[in-house]
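Structural features, examined
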Amino acid sequence: MSWQSYIDNLKTPDQSGNVPVMEAAICGIASGQESVWVSTPGLAGITTEEIKKLAGDRSTFRQAGPYVAGMKCMLLRDQMDVESVYTLDLKTSKINDQSYSICVGKSNQG
């Protein structure tokens, strides 16, 4: 299965016709190899620096939230180091009068 097929699966409408995920990206976080493996157009602008910050030291996120694809975000919950959870929950600043939820997840292997 290609990485693109994972993104396609996330964007598949559910039984009621709702698309549960608007945008998605899969990134590599290995030190020195941080990169976007595949993404939808809305997250194509994720930078290496953003990946490093999301996967690294998050201690400043409460005071000065991270950026994801150039979008300023606010940290809602950091469970990136919690066994079997490994997620960050973020909320974007308003974009065209709307905020978006972002979930960043981590796995031990690609």
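For the structure, see preceding data.
Residues numbered from 1 in each chain as written. Predicted model: local features only at pLDDT ≥ 70, side-chain atom pairs only at ≥ 80, totals over all residues. Heavy atoms only, no water.

With that out of the way, let us pick up the layout of surface pockets. In this structure, the largest pocket spans a volume of roughly 1,200 Å³. Together, 37 residues line the largest pocket, and Ala25, Ile26, Cys103, Val104 and Gly105 are the ones closest to its centre. Those elements that provide at least two residues to the lining of the largest pocket are helix H1 (3-10), strand E1 (25-28), helix H2 (48-55) and strand E6 (101-105). For the lining of the largest pocket, the element with the highest residue contribution is E6, accounting for five residues. (1 Å grid on protein atoms, 1.4 Å probe; cavity = no way out; pocket = protein on both sides within 12 Å on 5 of 7 lines; lining within 4 Å. Points joined across faces, edges and corners; volume = space filled by probe spheres on them. Helix = DSSP H or I, 4+ residues; strand = E, 2+ residues; numbered from the N terminus.)

This part covers the pattern of salt bridges. Going through the model one piece at a time under the given rule, you end up with four salt bridges. For Asp81, the salt bridge goes to Arg58, with nearest N and O atoms at 2.8 Å. One end of the pair, Asp81, is in the loop between strand E4 (71-79) and strand E5 (87-92); the other, Arg58, is in the loop between H2 and strand E3 (67-68), with 23 residues separating them in the sequence. Note on Asp81: relative accessible area 61%, which makes it exposed. Here the salt bridges do not stand alone but share partners, grouping Arg58, Asp78 and Asp81 into one network. (Salt bridge = Lys/Arg side-chain N within 4 Å of Asp/Glu carboxyl O. Buried < 20%, exposed > 50% of the residue type's maximum accessible area, 1.4 Å probe, protein only.)

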